[in-house]
Amino acid sequence: MNERLGVIGLGRMGWALAARFAEQGADVRGWTRSGVDAGEAAASGFESVARIEDIVVASDVLILSLFDGAAVRDVLERLATFDLSDRLIVETSTISPNVARNALAAIEAAGGRLIDAPISGGPEMVSAGTIGLFVGGTTEDAARFWPIGALVSDKMAHIGDVGAGMAMKVVNNIVAYTSLQGVIEAVT
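One structure accompanies this document, and this report is about it. Throughout this document, residue positions are counted from 1 along each chain, in the order its sequence is written. Only residues with pLDDT of at least 70 get local features here, since the model is predicted, and only at 80 or more are side-chain atom pairs given and counted; chain-wide, interface and lining totals rely on the full set of residues. Water and hydrogen atoms were dropped before computing side-chain values, which therefore reflect all heavy atoms in the structure.

What follows is about the layout of surface pockets. What the largest pocket holds in volume is close to 320 Å³. Definitions used throughout: a 1 Å grid over protein atoms alone; a cavity as a set of points that fits a 1.4 Å probe which cannot get out; a pocket as an open set with protein on both sides within 12 Å along at least five of seven lines; a lining residue as one with an atom within 4 Å of a point. As for the largest pocket, its lining consists of 20 residues, and the residues nearest its centre are Gly9, Gly11, Ser65, Leu66 and Phe67. A run of DSSP states H or I qualifies as a helix once it reaches four residues; a run of E qualifies as a strand once it reaches two. Both are numbered from the N-terminal end. Of the residues forming the lining of the largest pocket, the biggest block, 4 residues, is contributed by helix H1 (residues 12-23). Classes in brief: Ala, Val, Leu, Ile, Met, Phe, Trp, Tyr, Cys and Pro nonpolar; Asp, Glu, Lys and Arg charged; the others, Gly included, polar. Of the residues in the lining of the largest pocket, the class split is 7 nonpolar, 11 polar and 2 charged. Grid points are joined across faces, edges and corners, and a volume is the space filled by probe spheres set on the points.

In structure tokens, the structure reads:
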């Protein structure tokens with residue numbers, strides 16, 4: 001794979017993504033709004049960068065793993081101020097589908113492409129390469145992401161346009177929660 005990866009957001013999930021990509025031989029950099037220790041990043045196999053503009057310049061594919069919709073909105077707005085020519089932005093957080101849909105025009109105006117690929121599973125599943133990914137975006141953009149997603153996932157599905165992956169993830173969570181509640185009621 002020739003794509004240079006940049007992981008934006010290095011909480012538990014983002015760190016696991018960056019480390020897994022590096023373990024699988026990818027060229028990976030990481031940036032987080034709160035900063036990251038370069039030595040800790042290097043010990044996990046990836047390079048830390050100090051500024052968001054540095055990760056944009058050094059990456060072909062930017063993978064966002066952020067806490068909530070407000071954080072994602074903030075980062076997407078910041079990314080849209082840069083030249084994103086030939087860059088693919090991949091939003092992996094479990095948030096409202098409208099966050100990605102509303103950012104799409106600005107990302108495209110900056111020359112970039114945007115897909116959503118929310119993660120089903122936790123950091124331990126990222127490390128094992130067994131997460132599920134629901135992908136929303138154009139067929140071409142999903143195809144570009146496929147070999148990258150395959151480094152962390154053994155279950156991927158292209159669901160539809162931008163936002164469709166997030167919508168499916170919300171449905172998935174509702175079904176899982178409802179099932180869990182049913183089991184709790186039955187046991188009680």
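Within the element layout of this structure, Asp161 appears in the loop between strand E9 (153-160) and helix H8 (164-187). In this structure, the C-alpha to C-alpha distance between Asp161 and Ser48, residues 113 residues apart in sequence, is 32 Å. Setting aside anything within four residues of it in sequence, one finds Asp161 in contact with Asp116, Gly136 and Gly137. Contacts are residue-level and defined by heavy atoms, with any inter-residue pair within 4.5 Å sufficient.

Categorising residues by exposure relies on relative accessible area from a 1.4 Å probe, with only protein chains included: less than 20% of the type maximum marks a residue as buried, more than 50% marks it as exposed, and the intermediate range marks it as partly exposed. Among the residues of helix H7 (residues 139-149), those classed as buried are Asp141, Ala142, Phe145, Ile148 and Gly149. Seen end-on, H7 carries its buried residues on one side only, within an arc spanning 105°. Away from its buried face, by an angle of more than 90 degrees, H7 presents the exposed residues Thr139 and Glu140. Along the arc lie the directions from the helix axis toward the C-beta atoms.

This part is about the pattern of salt bridges. A carboxyl oxygen of Asp or Glu within 4 Å of a side-chain nitrogen of Lys or Arg is what we treat as a salt bridge. According to the stated counting rule, one finds 11 salt bridges in the structure shown. Close ionic contact of Asp60 with Arg4 constitutes a salt bridge, the shortest N to O distance being 3.0 Å. Residue Asp60 is located in the loop between helix H3 (52-57) and strand E4 (61-64), and its partner Arg4 is located in strand E1 (residues 4-8); the two are separated by 56 residues in the primary sequence. Residue classification places Arg4 among the partly exposed residues on the basis of a relative accessible area of 27%. Put simply, Lys155 and Asp154 hold a salt bridge, and the shortest N to O gap is 2.6 Å.

Moving on to unusual backbone geometry. Backbone geometry follows two general trends: most residues other than glycine have a negative phi, and most peptide bonds adopt the trans configuration. One non-glycine residue, Asp86, adopts positive backbone phi at about 65°. Looking at the secondary structure, you find Asp86 in the loop between helix H4 (69-79) and strand E5 (88-91).

A few words now on the packing of aromatic side chains. The aromatic pairing rule takes the rings of Phe, Tyr and Trp, using the six-membered ring of Trp, and pairs them if the centres are within 6.5 Å, calling planes under 30 degrees apart stacked, those over 60 edge-to-face and the rest tilted. Within this structure, the stated rule accounts for 1 aromatic pair. Their ring planes at 70° and their centres at 5.0 Å tell us that Trp15 and Phe46 sit as a pair that is edge-to-face. Taken together, the residues Trp15 in helix H1 and Phe46 in the loop between helix H2 (38-43) and strand E3 (47-48) connect sequence positions 31 residues apart. Overall, the relative accessible area of 3% leaves Phe46 in the buried class.

All right, on to the environment of Gly111 then. Turning to its location among the elements, Gly111 is positioned in the loop between helix H5 (97-109) and strand E6 (113-116). With a relative accessible area of 33%, Gly111 lands in the partly exposed category. Residues contacting Gly111, with those up to four places away along its chain left out, are Leu84, Ser85 and Asp86.

To continue, consider empty space enclosed by the protein. If a probe as big as a water molecule is rolled over the atoms, it shows which places are left empty. What the rule picks out here adds up to 1 cavity of 30 Å³ or more. Estimates place the volume of the largest cavity at around 40 Å³. Looking at the largest cavity, the residues that line it are Leu17, Phe21, Ile63, Val90, Thr92, Ile119, Ile131, Leu133, Phe145 and Val152. Secondary structure elements with two or more residues in the lining of the largest cavity: H1 and strand E8 (131-136).

Right, let's talk about the nonpolar core for a bit. The term nonpolar core refers to a set of buried residues drawn from Ala, Val, Leu, Ile, Met, Phe, Trp, Tyr and Cys, joined through side-chain atoms within 4.5 Å. Core analysis: the largest hydrophobic core is formed by 28 residues, its most contacted members being Leu5, Phe21, Val28, Ile63, Val90, Leu133 and Phe145. Sorting the residues of this core by element identifies E1, H1, E4, E5, E8 and H7 as the ones contributing at least two each. Among the elements that take part in this core, H1 stands out by supplying 5 residues, more than any other. In this structure, Phe145 is in contact with Leu88, Val90, Ile115, Ala117, Leu133, Val135 and Met156, ignoring residues within four places of it in sequence. Listed in part, the 25 residues of the second largest apolar core include Val49, Ile52, Leu84 and Ala103.

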